[in-house]
Amino acid sequence: TVTTKTATGTLTTQPGTTLVQSLVIAGGGGAGGYVSGGGGGGYRCCSSIPVSAATSYTVTVGGGGAKGPANATNGVQGSSSVFSTITSAGGGGGGRGGTCSPLRAGCAGGSGGGGSGNISSPNNPALGGAGNTPSVSPPQGSNGGNGTSDDATFTIGGGGGGASAVGGNGTFSAAGAGGAGTANSITGSSVTYAGGGGGASDSAPRPSGAGGPGGGGAGGYPSGTAGTANTGGGGGGGGCGSGGAGG
């Protein structure tokens, strides 16, 4: 029997069941307030967990993080998802400012958010956030991509990390794509989860980054798109400060 939970609640085991396999996906990170993509939610599969038959267990399903509300703020980390002893961390918000350090760097999480522009010069890019935070084995996600800027005419964001691949770095010619998520068939059909959000550019001729397979939102100018609900996809960065929420 396959049970899928897309909201926090309880799971009741079948009579005679003493072991279950689980796939636990956290909420994706929101895009930063300026050009950076959010990281995919933590992806943890497929632990065999001892359970008692005909017993109810609490399942916590984490939602996606909000986009950065203003140009100077980072995206919000997605919420963690929990079943039994397994916790998947929410995806890191895209960088810009606020609670993630240093300024403009992507935020850490299940997968890390992308960086926004640079720290102080074109040779000092804003780094993507660290994935697999907190650290588990096997890793629950990947690092976000770096941002860049020429300090004068354009700012370009990195893509958020995904469950199976790092986010792309922003370059002087294009924003970084979101990192790819991971496909899983635990439900009986193959579904890809926890892709990173694409970065964006604040200069329209420079292409925005695609969202990572697994629900990652695409970066865009002037606006990015949200991560797909119930996939753990990160939000896509917005070229004019209007990015997407995590899924």
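See the structure printed just above.
Residues numbered from 1 in each chain as written. Predicted model: local features only at pLDDT ≥ 70, side-chain atom pairs only at ≥ 80, totals over all residues. Heavy atoms only, no water.

K.L.:
So what exactly am I meant to see when it comes to the overall build of the protein chain here?
P.N.:
Looking only at helices and strands, one finds zero helices and 10 strands in the protein chain. The C-alpha radius of gyration computed for the protein chain amounts to 17 Å, which stays within 12% of the reference 18 Å derived for 247 residues, consistent with globular compactness. In terms of principal-axis extent, the alpha carbons of the protein chain reach across some 65 × 30 × 25 Å. Going through the 247 residues of the protein chain one by one, you find that 51% of them count as buried. Considering only intrachain contacts with a sequence separation of at least 6, the fraction spanning at least 24 residues in the protein chain is 52%. (Helix = DSSP H or I, 4+ residues; strand = E, 2+ residues; numbered from the N terminus. Rg over C-alpha atoms; globule rule 2.2 N^0.38 Å. Buried < 20%, exposed > 50% of the residue type's maximum accessible area, 1.4 Å probe, protein only. Contact = heavy atoms within 4.5 Å.)

K.L.:
Could you clarify how one ought to interpret the layout of surface pockets in this entry?
P.N.:
Any empty space left between the atoms is revealed when a probe the size of a water molecule rolls over them. Size it by volume and the largest pocket reaches roughly 890 Å³. Surrounding the largest pocket, 35 residues form its lining, Thr3, Thr4, Lys5, Leu11 and Leu23 being those nearest its centre. Secondary-structure elements contributing two or more residues to the lining of the largest pocket are strand E1 (9-12), strand E2 (19-25), strand E4 (56-60) and strand E5 (81-83). When residues of the lining of the largest pocket are assigned to their parent elements, the largest contribution, six residues, is made by E2. In terms of residue class, the lining of the largest pocket is built from 13 nonpolar, 21 polar and one charged. (1 Å grid on protein atoms, 1.4 Å probe; cavity = no way out; pocket = protein on both sides within 12 Å on 5 of 7 lines; lining within 4 Å. Points joined across faces, edges and corners; volume = space filled by probe spheres on them. Nonpolar A, V, L, I, M, F, W, Y, C, P; charged D, E, K, R; others polar.)

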